[in-house]
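Fold and geometry: a report
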Amino acid sequence: MKTKKLLLLSGILALSLMPANAELSVDDVSSREYLINHGHAAATADIVELSRSAVNGNEADLPIYHKYDNKPLIYKWIDKTFIYLDPALDDGKFLRKDTKFAPSVDDL
């Protein structure tokens, strides 16, 4: 009986001294998947990705940049016309360099 108690106590002590190995690195915590899975908006994940790419000197490849991939030309033209009429619509130029805050004919 005493050996069972001693064995159980030593087993509990051994388990309590083991490391958890549940570490997260900075890359894990600031990744797009981690942020979205933990309740942050996609725009927040885009801002973090753009900030990381600016610090590291890389070019960010965000999903919004691929908005017009595989779309017909008429769709692109109509969408850019609506963006010209209402500058509040998302045009995929979020936080890019040389941002123009007034629409122009060159946007079409």
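Owing to the predicted nature of the structure, the values given are computational and were not obtained by experimental measurement. For every chain, the first residue of the written sequence is number 1, and numbering continues from 1 along that sequence. It should be noted that, the model being predicted, local features are given only for residues of pLDDT at least 70 and side-chain atom pairs only at 80 or more, the latter also being counted only at that level, while totals for whole chains, interfaces and linings use all residues. Each side-chain value is worked out from all heavy atoms of the structure, with water and hydrogens disregarded.

1. What about the side chain of Ser53?
Every helix listed is a DSSP run of H or I at least four residues long, and every strand listed is a run of E at least two residues long, numbered separately from the N terminus. Here Ser53 shows up in helix α4 (residues 42-56). The cut-offs for exposure are 20% and 50% of the maximum accessible area for each residue type, with area from a 1.4 Å probe on protein chains only; residues under the lower value are buried, those over the upper are exposed, and the others partly exposed. Residue Ser53 is classed as buried on the basis of its relative accessible area, which comes to 8%. Residues are treated as being in contact if the distance between any of their heavy atoms lies within 4.5 Å. With residues near it in sequence (within four places) discarded, Ser53 still touches Asn58, Glu59 and Ala60.

2. Here's the deal with the environment of Glu59
Within the secondary structure layout, Glu59 lies in the loop between α4 and α5 (73-85). Glu59 sits in the exposed class, given a relative accessible area of 72%. In sequence terms Glu59 and Glu49 are 10 residues apart; their C-alpha atoms lie 9.8 Å from each other.

3. Quick notes on the pattern of salt bridges
Just to be clear on terms, a salt bridge is a Lys or Arg side-chain nitrogen sitting within 4 Å of an Asp or Glu carboxyl oxygen. If you walk through the whole model with that rule in mind, you get one salt bridge. Between Asp46 and Arg32 there is a salt bridge whose closest N-O contact spans 2.5 Å. Remark: Arg32 occurs in helix α3 (residues 32-37) and Asp46 occurs in helix α4; sequence separation between them is 14 residues. Arg32 gets classed as partly exposed once you look at its relative accessible area, which sits at 22%.

4. A few points about the confidence of the model for the protein
A score from 0 to 100, pLDDT tells how confident the predictor is in each residue. In the predicted model, the protein carries a mean pLDDT of 81, and 85% of its residues have values of at least 70. Across the protein, element-level confidence peaks in α3 with a mean pLDDT of 90 and bottoms out in helix α2 (residues 26-29) with 84.

5. Some thoughts on the packing of aromatic side chains
Whether two aromatic rings pair depends on their centres lying within 6.5 Å, for rings of Phe, Tyr and Trp, where Trp uses its six-membered ring; planes under 30 degrees apart make the pair stacked, over 60 edge-to-face, and the rest tilted. Here the structure, examined in full by the defined rule, presents zero aromatic pairs. Criterion for a charge above a ring: Lys NZ or Arg CZ within 6 Å of the ring centre, and within 35 degrees of the ring normal. The ring of Tyr75 carries the charged tip of Lys71 above its face, separated from the ring centre by 4.9 Å.

6. Here's the deal with a nonpolar patch on the surface
Residues Ile74, Tyr75, Trp77, Ile78, Phe82, Tyr84, Leu85, Leu89 and Val105 make up a contiguous nonpolar surface patch of about 930 Å² in total accessible area. You can see Val105 is positioned in the segment after α5. Distance thresholds for patches are 9 Å for like charges and 5 Å for nonpolar side chains (Val, Leu, Ile, Met, Phe, Trp, Tyr), applied to residues having over 30% relative accessible area and no salt bridge. A 1.4 Å probe and the Shrake-Rupley method give the accessible areas. Residues count as covered only by the protein chains that appear here.

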